[in-house]
Amino acid sequence: MAQLFFGYFAGVIALTAVLVVALKNPIYSALSLLVMFFHVAGLYVTLHAEFLAAVQIIVYAGAILVLYLFVVMLLNVKRDDRYHGQWRIAGFVCIPLLLEFMILLAGGIAASPGPVPAESTGGVTGGNTLAIGETLFSTYLFPFEVASLILLVAMIGAIILAKRDVGGDAPQ
Amino acid sequence: MIPVSYYLILSAIVFLTGVVGVLIRRNIIAILLSVELMLNATNINFVAFSEHLQDLGGQVFVFFALTVAAAEVAVGLAIIIALHRSKSTINVEEFNLLKW
């Protein structure tokens, strides 16, 4: 049963990832990315990361992708039909990487250790969200505050960049 | 029980798809979407290893990666809007001001 779910999610994720790159129209690319986000969230649920699945749907599908679609429709671009001339470089970089990875994994599957028994974390008894919250606000408290600073800087930067005339009467 | 190497293969496929997308697409929005693909591939890896090692640090790190992705999208789309305002195109081959 777990294999069935993993096969379904992995198949759809791989297919929609290829579609994101292959489709010409950016709106279709963004919509297939939406399908991919939902299936990644499903994969997180099978990995017992329910909180991250919810956050994935809310933040990625709800906020980030809406922002993308907003900009695509705001700019109203014509369809760019051709791919970039760098596809040879892309093939040259990626096909050896993929082959190397397959070879490494084919040799390493038999030797991979089993899962560690579940006593190393502690405090996982109250569900995934509680455990993540306790970890986030105890061990990772300082990175959490730094993340808030990153969000503030990004917000200010986005406003400054997209503002039409910063500090005066710039033309256009 | 799915072996963790299957998740690695899936993540590698998605990541390489993102790399190919960054290299071959001309539309700058599609390039940013490919960057999102790569970020999601790393997130899948983090969650798979978090389950494999029974360590919540991986999931917390995905949380931070999500934050950085949101910031990157906001700034990236603002840059795209500014570029489109100055050049009226989002084809990356038109942006060659710093090229020599």
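Let us look at the structure shown here. (Residues numbered from 1 in each chain as written. Chains lettered and ligands numbered in written order. Predicted model: local features only at pLDDT ≥ 70, side-chain atom pairs only at ≥ 80, totals over all residues. Heavy atoms only, no water.)

## Considerations on the overall build of chain B
On a plain count of helices and strands, chain B comes out with three helices and zero strands. Its helices and strands taken in sequence order, chain B reads α-α-α from the N to the C terminus. Scored against the burial criterion, the 100 residues of chain B give a buried share of 60%. Long-range pairs, those at least 24 residues apart, make up 55% of the contacts in chain B between residues at least 6 apart in sequence. Accessible surface, chain B: about 3,900 Å² in total, of which carbon and sulfur atoms supply 70%. (Helix = DSSP H or I, 4+ residues; strand = E, 2+ residues; numbered from the N terminus. Buried < 20%, exposed > 50% of the residue type's maximum accessible area, 1.4 Å probe, protein only. Contact = heavy atoms within 4.5 Å. Areas by Shrake-Rupley, 256 points an atom, 1.4 Å probe, with all protein chains shown as cover.)

## What about the nonpolar core?
Judged by nonpolar contacts, the single largest core of 62 residues is most densely connected at A:Tyr44, A:Tyr68, B:Ile29 and B:Ile80. Secondary structure elements with two or more residues in this core: helix H1 (2-22), helix H2 (26-46), helix H3 (50-75) and helix H4 (87-108) of chain A together with helix H1 (4-24), helix H2 (28-53) and helix H3 (57-87) of chain B. Among the elements that take part in this core, H3(A) stands out by supplying 11 residues, more than any other. Excluding anything up to four places from it in sequence, A:Tyr44 contacts A:Ala49, A:Leu52, A:Ala53, A:Gln56, B:Asn43, B:Ile44, B:Val47 and B:Val62. (Core = buried A, V, L, I, M, F, W, Y, C linked by side-chain atoms within 4.5 Å.)

## Considerations on the pattern of salt bridges
Between side chains of opposite charge, a pair can form as their charged atoms come close. Residue and element names in this part refer to chain B. Per the stated rule, a full pass over the model turns up one salt bridge over all chains. Residues Arg26 and Glu93 are paired through a salt bridge, measuring 2.8 Å at the closest nitrogen-oxygen approach. Highlighted residues: Arg26 in the loop between H1 and H2 and Glu93 in the segment after H3, separated in sequence by 67 residues. (Salt bridge = Lys/Arg side-chain N within 4 Å of Asp/Glu carboxyl O.)

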